[in-house]
Each structure stands twice: as structure tokens, then as C-alpha cells.
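Letter by letter, the chains look like this.
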Amino acid sequence: MLQHVKARREASWVFFKKVLGGVSLLVLIATWVGQSEVSQRLQKHGYNKPFFLAWINQSILLILLPPSYLYLHLQLRNDDSRGGYTAVGSSDSLESGEASRLAGGGAVAAAVRAGGPPTTVTAEPAKYGATVAAVLPASEKASGLLDCGAAPLGGSRRRRSVMGMLAEEYRLGWLSLLWASLWCAWLYMVNAYMWTVALKLTSVAAGSSIFNSSCAMVYVFSVLFLKDRVTLLGVSAVVLSVAGVFMEAFAPGREEKHVSGNKQIIGDLLVFGAAVLYSLYQVLFKRFVVGANKQDLPLAVFNLFVGAMGLVSLLTLWVFVPILSAANFEVFEWPGESRLGSTF
């Protein structure tokens, strides 16, 4: 009976994740097209500042940083509150569920090897602390073999920080997180700048269809950097994708009203270049950030990293705004209420 209920719960959870994934994809597409339309309209109405617009769009990713950090912080606190007592030097451990089963309905669970030190004890320290101490030999109590990683007996609770967890489990300490978010942010910014420039020269619909060829480019870079196998299906997908890009770019009768045909071809090629750089960013992220951990990053950790990219973009890429303005390449000015009103 219990196994049947557990199976139904797991099936329901899998279904919920699929629905959530589909809804998230729809929201992603809507926000992508929406921000592209706004950027294009701003440039059409005289605010031709592609670098500033791309910088703002990328820096706003930092809004993911506080909720992701808070979620991981609360998750760690919750794990600490349910943590176990671990004997120093012991190689054996009990999962919390197994320890609870051995506890037998609330009694303290103590796993003690025959002739050896205790392994892991899961219990409420305030309620069962004395009981835990009682099952230990006097020599072990005196020598301090009981390492209270989650809740020390008679001492202060040792808590892991979010950054400590990232360093231990995902090799993302302060320096590695800063370096990875820096080069990812700068590479992503080049792609975003090319995309924003192209929006003035082509339509959002055409640009989006060309940009979606990035999935084929991901395969090419995966073969180069991730050592994926070359397959006939993969090569065929790349060829068809590139052919579709050129068919879209050079198709007759799709000229935008505000640009000439030659400029629109340039815009389409800029979109394709942005797609190539975005594919490179994805593969390098997989190789050097995710691949270094030999495991996929949880969603909260990934969002924390993306938020860090936004913060790094805000703090490092702003210097190009006055530089481009001083060089008369992109003179800075605020959009103004008139341009914003005509945009929306």
C-alpha cells in the first residue's frame, strides 16, 4: 500500500515538473520576444543606443541573485536542523530516513559498529542529546570523537554558509565564481550587443527564427570542446539549420519598411553571428562550470550564477558607456518620456 502511494506521488511530481517546464518555456519565449520588440521600437523612434540597451538587459539579471541566495540559505538552515551527529574518522554514515527508521518511533537512533566508534546519529539535540552521549563509551566522550557537524552536544551549532556549500559541492568558491561569471558575462554581452544592433536592421520574427539555429551550433561546439561524437543526424541538422538561415536572409519580398534590402541582410547575418556566440557561451559554460562538477547544477545554483553574471555586468561593463560616448560612437542620453511614450 505504501509503495503504491509513493509511486502515485512520484508520478504526480513528474507530471507537475513537465507542466512547470512547459509553462516556464512559454514565459521565456514571451519575455524574449517582448524585450526584443521594446528594444527594436526604441531604436526605431530615434534611441539608437544598442550597447546601453544590451547592458541594461543583461544587468537586470541580477534580480535573480537575492531570491536564489535566500532560497539556498534557507535550504541549508533546514538541512542543518535535520542534520546528524557524525563521528570523526568514521567512514560509515546513515541517511536521515534510515536513521529515523532505526529510531523506532522517536527514540534516538545510534549506529554503532561492533567494536568500533559510532557512525551517525540523527536526533533532536535538545531532546536526545543526553541519550546520545550515554551510548558512547567514556573514552570516546572524553576524547571528543563525536563530531557534531550539524548540532554539537553541549556546544554551538556549526552552520554551513551558501558560499561554503558552493565551494564544497560545486567548486564555485569566491574566486572561481567571480572568474566564471566575469568571462561568461563579457562573452554573453558581445552576443547581446550584436543581437540588439541587428534588431534595427531586421524584424523580430526573422531574427528569432535565425537565432534559433543556435541549437545546431551548440552541436558543432560540443564536438570541438566536449568531445561529443560526430553523427550523420547531427551533421544533417547543422546543414539544414545553416541553409535555413540563408533562405530566411535572402528570401525575396520580406524587406522591412524602415531598412533597405542590403541592410536587412546585414542584420540577419548579425543575428546569426549572435547565435554562434551564444552557442559558444553555452558550451563553454557546460565545459568549465557545469562539467567541472561532474553533475548538473540545481536550478537555484544556476540562477545564483546567472544573477552573479548580471551583477558583474553592472559593475564592469558600464565603463564602455562613457568610452563609447566620448568617442562619438554611441553618445549617451536617456530615452526621455517622449520616446518611451511612443514605444509603449
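Heads up: these notes are all about the structure in this document. All figures in this text were calculated on a predicted structure; none of them were measured in a lab.

Concerning the overall build of the protein chain
Next up, step 1: A count of helices and strands for the protein chain gives 15 helices and 4 strands.
Next up, step 2: The buried share among the 344 residues of the protein chain stands at 37%.

Notes on the packing of helix H8 (residues 174–199) against helix H9 (residues 204–211)
Two numbers describe a pair of packed helices, the interaxial angle and the distance between the axes.
Next up, step 1: Where H8 contacts H9, the two axes come as close as 10 Å, and the packing angle between them is 145°. Judged by the twist between their axes, the crossing of H8 over H9 is right-handed. Packed against H8, whose contacting residues are Asn 191, Trp 195 and Leu 199, the element H9 presents Val 204, Gly 207, Ser 208 and Phe 211 at the interface.
Next up, step 2: Of the residues assigned to the contact of H8 with H9, the class counts are 4 nonpolar, 3 polar and no charged.

Here we look at the pattern of salt bridges
Next up, step 1: Counted by the stated rule, this structure contains 1 salt bridge.
Next up, step 2: In this structure, Glu 333 engages Lys 49 in a salt bridge whose closest nitrogen and oxygen atoms are separated by 3.9 Å. Of the two residues, Glu 333 is situated in the loop between helix H14 (320–326) and helix H15 (336–343) and Lys 49 in the loop between helix H1 (2–44) and helix H2 (50–59); the sequence distance between them amounts to 284 residues.
Next up, step 3: Exposure remark for Glu 333: the relative accessible area of 34% places this residue in the partly exposed category.
Next up, step 4: For Lys 49, a relative accessible area of 11% corresponds to the buried category.

Conventions adopted
- The written sequence of each chain sets the order in which its residues are numbered from 1.
- The model is predicted, so local features are restricted to residues of pLDDT at least 70 and side-chain atom pairs to those at 80 or more, both for listing and for counting; the totals for chains, interfaces and linings are taken over all residues.
- In computing side-chain properties, one takes all heavy atoms of the structure into account and sets aside hydrogens as well as water.
- Numbering goes from the N terminus for both helices and strands, where a helix is a DSSP run of H or I of at least four residues and a strand is a run of E of at least two.
- When accessible area is computed with a 1.4 Å probe and restricted to protein chains, residues below 20% of their type maximum are described as buried, those above 50% as exposed, and intermediate ones as partly exposed.
- Between N-to-C directions, angles cover 0 to 180 degrees, with each direction set by a line fitted to C-alpha atoms, over the stretch in contact for helices.
- In this scheme, a crossing is called left-handed if the near helix is turned counterclockwise away from the far one by less than a right angle; it is called right-handed if the turn is clockwise.
- Two residues qualify as a contact provided that any one of their heavy atoms is within 4.5 Å of a heavy atom in the partner residue.
- Note on residue classes: Ala, Val, Leu, Ile, Met, Phe, Trp, Tyr, Cys and Pro are nonpolar, Asp, Glu, Lys and Arg are charged, and everything else, Gly too, is polar.
- By convention in these notes, a salt bridge is any Lys or Arg side-chain nitrogen within 4 Å of a carboxyl oxygen on Asp or Glu.

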